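# Summary of the model geometry
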Amino acid sequence: MKTITLVFGAVYGMLSVILGAFGAHALKKILSVERLESFETGVRYQMYAAFFLLIIGYILKFETSSEKWTSILMIVGTFMFSVSIYFLSLQDYWGTNLKFLGPITPFGGLLMIVSWGMLILYFTKNKI
């Protein structure tokens, strides 16, 4: 689980830089300001998750199920949160209706929040 966490952290970080550059250059010309801001929110939170995963990848030993779930919830939550925002931001350009993805964004965010909460509990329990 440690390796998976570190790999996802690195991949999320790399993709954040790529997608951020893509948004700043290519999408700036084709998306409305509101849609571009949404896209940038997805990129920003994906980078936060990348840092989170890299940090816990080094701090946690992944010996307990709660430590494993801290990572899993952040990985899955970030994917749901950011990818749904990316698709929703591009739906007008693609000419498709992806509004069904709307509820996925806050659910992904909730999983990320729970993961942060689990990390807080880990720190308080282990007195690090």
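What this report covers is the structure whose coordinates are included nearby. (Residues numbered from 1 in each chain as written. Predicted model: local features only at pLDDT ≥ 70, side-chain atom pairs only at ≥ 80, totals over all residues. Heavy atoms only, no water.)

What follows is about the pattern of salt bridges. For the structure shown, the criterion picks out 1 salt bridge. One salt bridge connects arginine 35 with aspartate 92, and the closest N-O pair in it is separated by 3.0 Å. With arginine 35 in helix H2 (residues 33-59) and aspartate 92 in helix H3 (residues 65-94), this residue pair connects regions lying 57 residues apart in the sequence. (Salt bridge = Lys/Arg side-chain N within 4 Å of Asp/Glu carboxyl O. Helix = DSSP H or I, 4+ residues; strand = E, 2+ residues; numbered from the N terminus.)

Core analysis: the largest hydrophobic core is formed by 15 residues, its most contacted members being Tyr12, Phe52, Leu53, Ile56 and Met74. Of all the secondary structure elements, the ones that give two or more residues to this core are H2, H3 and helix H4 (104-126). Excluding its chain neighbours within four sequence positions, the residues that come into contact with methionine 74 are Ala49, Phe52, Leu53, Met112, Ser115 and Trp116. Core analysis: the next-biggest nonpolar cluster, separate from the first, contains 7 residues, Leu27, Leu31, Val43 and Leu90 among them. (Core = buried A, V, L, I, M, F, W, Y, C linked by side-chain atoms within 4.5 Å. Buried < 20%, exposed > 50% of the residue type's maximum accessible area, 1.4 Å probe, protein only. Contact = heavy atoms within 4.5 Å.)

This paragraph deals with the packing of H3 against H4. Axis separation between H3 and H4 bottoms out at 7 Å; the angle between their running directions is 155 degrees. By the angle between their directions, the pair H3 and H4 is classed as roughly antiparallel. The crossing of H3 and H4 is left-handed. (Axes fitted to C-alpha atoms, helices over the stretch in contact; angles between N-to-C directions. Parallel < 35°, antiparallel > 145°, perpendicular 65-115°, else oblique. Left-handed = near helix turned anticlockwise from the far one by under 90°.)

Locating threonine 5 in the fold gives a position in helix H1 (residues 2-25). Threonine 5 has contacts with Leu53, Ile56, Gly57, Phe62 and Ser71, leaving out every residue within four places of it along the chain.

For the rest of this paragraph, the subject is the packing of aromatic side chains. Going through the model one piece at a time under the given rule, you end up with 7 aromatic pairs. The structure contains a cluster of three or more aromatic residues connected by ring pairs, namely Tyr45, Tyr48 and Phe81. (Phe/Tyr/Trp six-rings, centres within 6.5 Å; stacked < 30°, edge-to-face > 60°.)

Together, Val7, Val11, Met14, Leu15 and Ile18 make up a nonpolar patch on the protein surface, roughly 410 Å² of accessible area in all. Following the sequence through the fold, methionine 14 ends up in helix H1. (Patch = residues over 30% accessible without salt bridge, like charges linked within 9 Å, V, L, I, M, F, W, Y side chains within 5 Å. Areas by Shrake-Rupley, 256 points an atom, 1.4 Å probe, with all protein chains shown as cover.)

A word on unusual backbone geometry. The phi dihedral of phenylalanine 62 is positive, around 60 degrees, even though this residue is not glycine. Along the chain, phenylalanine 62 falls in the loop between H2 and H3.

Here we take up H4. The end-to-end C-alpha distance of H4, which contains 23 residues, comes to 33 Å, matching closely the 33 Å that a straight helix rising 1.5 Å per residue would cover. Among the residues of H4, those classed as buried are Thr105, Gly108, Gly109, Leu111, Met112, Ser115, Leu119 and Tyr122. Buried-residue contacts for H4 involve H2 and H3. Where H4 ends, the next residue or the one after it, lysine 127, has phi of about 50 degrees, a positive value. (Expected span 1.5 Å × (residues − 1).)

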